[in-house]
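One letter stands for each residue in the lines below.
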Amino acid sequence: MADDTAPMLEVDDLSVRIGTLDGQLEVLQQVHLRVMPGQVVGLVGESGCGKSTLVRAVLRILPDSARQTGGAIRFRGTDLATLDERRMSREIRARRIAFIPQDPYLALNPLFTVGQQLMEILRWHGQAQGGGRRQWRARIAALFARVRLPEPEAMLDRFPHQLSGGQRQRVLIAAALLCDPELIVADEPTTALDVTTQQQILVLLRELVEELGVAVLFVTHDFGVVAELCSAVTVMYAGQTVEAGPMTEILHAPQHPYTRRLVECHPDRMRELRGIPGAVPSLVNPPGGCRFHPRCDRRVAGCETRPPQLVDVGGDHAVNCIHVHGGAA
Amino acid sequence: MLGLILNRLAQVAFVLAGLTVLTFLLVRAVPTDPATILAGEGATAEQLATIRERYGFDRPLHEQFAAYVGQLARGDLGISVYTSRPVATDLVQRLPATVELALAALVLAIALGIPMGVLAATSYRRMADHLLRVLSMLGLAVASFWLAIMLQMTLSLNLGWFPLRGRIDTVAEPPPGVTGLFTIDYLLAGQPAMAWQALVHLALPAVTLALPAMATISRFVRSSLIETLQKDFVAYEIAMGYPRRVVIWKYALRNSLSATVTQIGLLVGLLLSGSIVVEAIFSWPGLGDYIYRAIITGDTNPVLSATLLIGVIYAVANILVDVIQALIDPRVRSGR
Ligand SMILES: Nc1ncnc2c1ncn2[C@@H]1O[C@H](COP(=O)(O)OP(=O)(O)O)[C@@H](O)[C@H]1O
Ligand SMILES: [Mg+2]
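These figures come from a predicted structure and were not determined experimentally. (Residues numbered from 1 in each chain as written. Chains lettered and ligands numbered in written order. Predicted model: local features only at pLDDT ≥ 70, side-chain atom pairs only at ≥ 80, totals over all residues. Heavy atoms only, no water.)

### Structural notes on the overall build of chain A
Counting its regular elements, chain A contains twelve helices and twelve strands. Against the compact-globule benchmark of 20 Å for 329 residues, chain A has a radius of gyration of 20 Å, which places it among compact chains. Within the span of chain A, comprising 329 residues, buried residues form 54% of the whole. Counting only carbon and sulfur atoms, one obtains 49% of the accessible surface of chain A, whose full area is about 13,700 Å². Each charge sign in chain A was given a centre, from 35 positive and 37 negative side chains, and these centres are 3 Å apart. (Helix = DSSP H or I, 4+ residues; strand = E, 2+ residues; numbered from the N terminus. Rg over C-alpha atoms; globule rule 2.2 N^0.38 Å. Buried < 20%, exposed > 50% of the residue type's maximum accessible area, 1.4 Å probe, protein only. Areas by Shrake-Rupley, 256 points an atom, 1.4 Å probe, with all protein chains shown as cover. Lys, Arg positive; Asp, Glu negative; His and termini not counted. Charge placed at Lys NZ, Arg CZ, Asp CG, Glu CD.)

### Here's the deal with the site of ligand 1
All names here are of chain A. Around ligand 1, a shell composed of 13 residues is seen, among which Gly48, Gly50, Lys51, Ser52 and Thr53 lie nearest. At 3.1 Å, a backbone N or O of Gly50 approaches an oxygen atom of ligand 1. Surface burial for ligand 1 is 68%, taken as the share of its 560 Å² of free accessible area covered by protein chains. Residue assignment for the shell around ligand 1 shows that the elements contributing at least two residues are strand S1 (9–20) and helix H1 (51–59). Tallied by class, the residues present in the shell around ligand 1 amount to five nonpolar, six polar and two charged. (Near = heavy atom within 4 Å. Polar contact = N/O pair within 3.5 Å; in protein donor to acceptor, adjacent residues only side chain to side chain. Nonpolar A, V, L, I, M, F, W, Y, C, P; charged D, E, K, R; others polar.)

### Topic: the sheet that holds strand S9 (residues 232–237) of chain A
Residues and elements named next belong to chain A. Taken in spatial order, the eight strands of this open sheet run S6-S7-S8-S3-S9-S10-S12-S11, and their pairing is mixed. In this open sheet, the two strands that pair with only one neighbour each are strand S6 (97–100) and strand S11 (311–314). Each strand axis lies, on average, 20 degrees off the axis of its neighbour in the sheet, ignoring direction. As paired elements, S11 and strand S12 (residues 317–319) share three bridges and run antiparallel to each other. By the bridge assignment for S12, Asp312 is matched with Ala318. Of the strands in this sheet, strand S3 (40–44), S6, strand S7 (183–187), strand S8 (215–220) and S9 are in contact with H1, which crosses S6 at around 145 degrees. (Pairing = 2+ DSSP bridges. Axes fitted to C-alpha atoms, helices over the stretch in contact; angles between N-to-C directions. Contact = heavy atoms within 4.5 Å.)

### Re helix H5 (residues 133–146) of chain A
Each α-helix winds once per 3.6 residues, and so residues spaced three or four apart point in a common direction. Residue and element names in this part refer to chain A. Between its terminal C-alpha atoms H5 stretches 20 Å, which fits the 20 Å expected from 14 residues at 1.5 Å a residue. Buried residues of H5: Trp136, Ile140, Ala141, Leu143 and Phe144, and no others. The buried residues of H5 all sit within an arc of 160 degrees when viewed along its axis, so they share a single face. Of the surrounding elements, those touching the buried residues of H5 are helix H4 (114–125), helix H6 (152–155) and helix H7 (165–177). Just past H5, the residue Arg148 takes up positive phi, approximately 60 degrees. (Expected span 1.5 Å × (residues − 1). Arc of directions from axis to C-beta.)

### So, helix H5 (residues 87–122) of chain B
With 36 residues, H5(B) should reach 52 Å at 1.5 Å per residue; the first-to-last C-alpha distance of 50 Å fits that figure. The largest bend along H5(B) reaches roughly 35 degrees and is located at Arg94(B), with the proline Pro96(B) sitting one to four residues downstream. (Bend = angle between axes of the 7 residues up to and from the residue.)

### Regarding the environment of Phe233(B)
Take Phe233(B): it is sitting in helix H10 (residues 232–239). Under the relative-accessibility criterion, Phe233(B) is labelled buried at 4%. On a C-alpha basis, the gap between Phe233(B) and Leu22(B) in space is 47 Å, while along the polypeptide they are 211 residues apart. Excluding its chain neighbours within four sequence positions, the residues that come into contact with Phe233(B) are Leu106(A), Ala107(A), Leu108(A), Asn109(A), Pro110(A), Thr228(B) and Asn255(B).

### Concerning empty space enclosed by the protein
Residue and element names in this part refer to chain A. Tallied over the full model, the rule gives two cavities of 30 Å³ or more. Here the largest cavity defines a volume of roughly 100 Å³. If you trace the largest cavity, you find 14 residues lining it, with Ile100, Ile184, Leu205, Val209 and Val216 closest to the centre. For the lining of the largest cavity, the elements supplying multiple residues, two or more each, are H7, S7, helix H8 (195–212) and S8. Sorting elements by how many residues they give to the lining of the largest cavity places H8 first, with four residues. Broken down by class, the residue content of the lining of the largest cavity amounts to 14 nonpolar, no polar and no charged. Taken as a whole, the second largest cavity encloses approximately 70 Å³ of empty space. In this structure, the second largest cavity is lined by His256, Pro257, Cys290, Phe292, His293, Cys296, Cys303, Arg306, Pro308, Cys321, Ile322 and His323. Its residues placed into classes, the lining of the second largest cavity shows eight nonpolar, three polar and one charged. (1 Å grid on protein atoms, 1.4 Å probe; cavity = no way out; pocket = protein on both sides within 12 Å on 5 of 7 lines; lining within 4 Å. Points joined across faces, edges and corners; volume = space filled by probe spheres on them.)

### Examining the state of the cysteines
All names here are of chain A. Overall, the coordinates contain zero disulfides over all chains when judged by the stated rule. No disulfide involves Cys49; its sulfur sits 14 Å from the nearest other cysteine sulfur, which is in Cys290. The closest cysteine sulfur to the non-disulfide-bonded Cys296 is located on Cys303, 6.1 Å from its own sulfur. (Disulfide = S-S within 2.5 Å.)

### Here we look at the layout of surface pockets
Space inside the largest pocket adds up to approximately 1,500 Å³. Lining the largest pocket are 40 residues, and of these Ile61(A), Leu62(A), Pro63(A), Asp64(A) and Leu229(B) lie nearest its centre. Of all the secondary-structure elements, those providing two or more residues to the lining of the largest pocket are H1, strand S4 (66–75) and helix H3 (104–107) of chain A together with H5, H10 and helix H11 (244–281) of chain B. No other element matches H10(B), which puts five residues into the lining of the largest pocket. Residue composition of the lining of the largest pocket, grouped by class: 21 nonpolar, six polar and 13 charged.

### Looking at the sheet that holds strand S2 (residues 23–35) of chain A
Residues and elements named next belong to chain A. Read from one edge to the other, the open sheet built from four strands follows the order S2-S1-S4-S5, with strand pairing classed as antiparallel. Strands at the two margins of the open sheet, each flanked by one partner only, are S2 and strand S5 (78–79). Pairing between S1 and S2: nine bridges, direction antiparallel. Among the inter-strand pairings, Arg17 is bridged to a residue of S2, identified as Glu26.

### Topic: the pairing of S1(A)
All names here are of chain A. Between the end of S1 and the start of S2, which pair antiparallel, lie two residues. In this sheet, S4 lies alongside S1 in antiparallel orientation, the contact comprising eight bridges. Looking at the pairing, Leu9 lines up with Phe75 of S4.

### Overview of a nonpolar patch on the surface
Residues and elements named next belong to chain B. A grouping of Phe145, Trp146, Ile149, Met153, Leu157 and Val277 is seen on the molecular surface, where their side chains present a nonpolar patch of about 580 Å² in accessible area. Examining the composition of the nonpolar patch, we find that five residues originate from one element, helix H7 (residues 144–158), more than from any other. With respect to the helices, strands and loops of the structure, Phe145 is situated in helix H7. (Patch = residues over 30% accessible without salt bridge, like charges linked within 9 Å, V, L, I, M, F, W, Y side chains within 5 Å. Salt bridge = Lys/Arg side-chain N within 4 Å of Asp/Glu carboxyl O.)

Okay, structure coming up:
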C-alpha cells in the first residue's frame, strides 16, 4: 500500500497571514515539519508561537481572516491546498487525519449526547466500516472501553456536562480513533486538565499509539511531555521552525540556542518551558534578522540583519541559526 | 421539569393578578361614565342613578374591584353593552379566529425568519447579509396599519388576488367547529375548496402580522448564530469532517435557538397586540377586532376580560417557551 519511507505529512516552507485590526500578522513563516508513517512527532514552542495555527492549516480550518501565503502542506504526497472544502471534509478529516483538540470543556457540543456526536462522525465517515446504527453504537462503546471510560454503554447517552474533564478528553480520543486514521493531530490535549489527569491521559495516549502504530503530531508547550512520548521534535519560535530532528539528538545535542535553553534549563526535562528571559516578540512587527536575536545569549553581528535559513545538518536534523550557517549565509 | 412548570405557574398567577388590577384601574380611570353608555341617548338623571346603583358604579373603587374579582372567580365576565351578550360567550366565540391568525403569523415568521437569520449569519458582512438587514429593518419600521392598507389596495382591490376582509366569503357556511380554526376544520370536514378559501382569506392579515415578528426572529437568529459559529465545538465539528451544512443547521443552529425561543415567547405579545389593528382593518372576527370595537364604544367589560384573556394566552405561551427551552438544552433540564 503506502510507501513507508516517504513522509506522511510534509509541511514545506509554509507561511500563513492573518488579517487583524493591527494589520497583517505573519503568524507562520518558513515553517517546516515532517511526520513519517507511524512516527510520533512533538511540536514544541511557547504559547503564541503559532502551533495551533499550523494545526489549523494542516486541517484546513483556518479562520476566514487567515490566508496561506506560501509553501505547501503535503499529505501522502497530495498538496492539501489542491483539495476543496468538500473533499477535505469527505476524504481527509477524521477519516485520514483525526484531530484531538485542546480544551475538552469547549470542544464538545453541549446540547447533544457524546454518542450522538460520535455517531455523526461515523455517519459521514463510517462507510468504510459498514454496518448500521447498532453496529456503530457497539463500535463507539468498544472504543469507550478501550480509552477506559467507565460504563461505556451508558456513556453514549450522557451529555458533556455530565462528564469530568478527563472523561471528556477520553471521549475526544475515542472520537479520533473512530475511523482508523493514518495521522492524529493532537493540539495540547492535556493542557486544560489537572496534573493527575494529564498524566493518565498521556499514559493512555502512549499505550494507544504503540498499539495502533498510528502517526501522531503532538503539539505541546511542555518539553517534558515530548521527551516522554515522541521520537522526533520540531521546535517553533515566533512563527518559525527553528530546529527539527530526532528526539535523542535534540535532547543531547541541541544546536539552536533557543532549543538549547529549553533543554538546558530543565535538566530533568519534565518541566514547562519557563525561565527564558524575555517574551515571544509581537508578530505585528517582528524583530529583523533572526526573530530570536533579542533574547539570544549567542548573538553575534549579523543576527539582527540577516534572517537565517533552516539548514540540514545531517541525520534528519535541521537548524535555523547563523552559527550553523557558519556565518556565511 | 415539573418543578420548573410549577414555578412558572406561580409567576403567571402573580402577573395575572397585577394585570387584573391594572386593566381595572385603566378602564375606570378613563373619563367616560359607564352609566351614560349603558343608558343610551337621552336618559334622565333618574335612570342614570338607577343604573349606577344597579351596576355598582356609585360605590368606592376598591369595592367595585372586589366585586369584579368575585365575578371573575365565578366565571361571570359581565355583559357586553355593544353585543348585549355575555362577554364570556363572545370571547369563546372569537378566540379561535385570533388563535388561527396568530398561529399562522407565528408559523410564517418562524418558517421564514430562521432561514433568513441563518443565511445572514453565514454570509456575514457579505451581500446577502446586507440585503437581509435592510429587509428586516423595513419589516420592523413599516407600521402594520399602513402595510395592511397597502396590501388591501394592491393585492385585493387592484389585482383581486386576495379577498378584502373576513375569514370566509360572507355567503359561505362556516365549518363544523372542531378546532375552531377554519382552515383545519374545513379539511376535517372534507371540504378542501373551502379550506383553500379560508387560507386565502387568512393570507394577507397573517402576512401583515408576521412581518415584524419575522424580522425580529431573523435578527436574533443571525446574531446568536454568528456568536455560536465562533465556538470551539464548531471548529471541532468541522475539523472532524461534519459537512458544513450539518454543522450549521443541526449543531450550531440548535445552540443559537435559546435566545431566539425566548424572543418568540415575547413575540406572542407583539402578535396579540398587533392583532388588534390587523383584525380591525381586515374585519377579522377575533379578539382584536372585539377589543377594538369595545374601546371605540367605551364598552368596559369586554376590554377588561379580553385583555385578561390575552394576558393568559401570553403567559401560557411563555410557559411553553420555558418547556421548549428545557427540551433544547439538557443543562436547563438538569437545573444547571
Ligand atoms: N484568528 C486570529 N486572529 C488574530 N490573531 C490570531 C488568530 N489566531 C492566532 N492569532 C495569533 O497568531 C499567533 C499564534 O497563535 P497560535 O497559533 O494560537 O499559537 P499557539 O497555539 O502556539 O499558542 C498569536 O500571536 C495569536 O495572537
Ligand atoms: Mg495553541
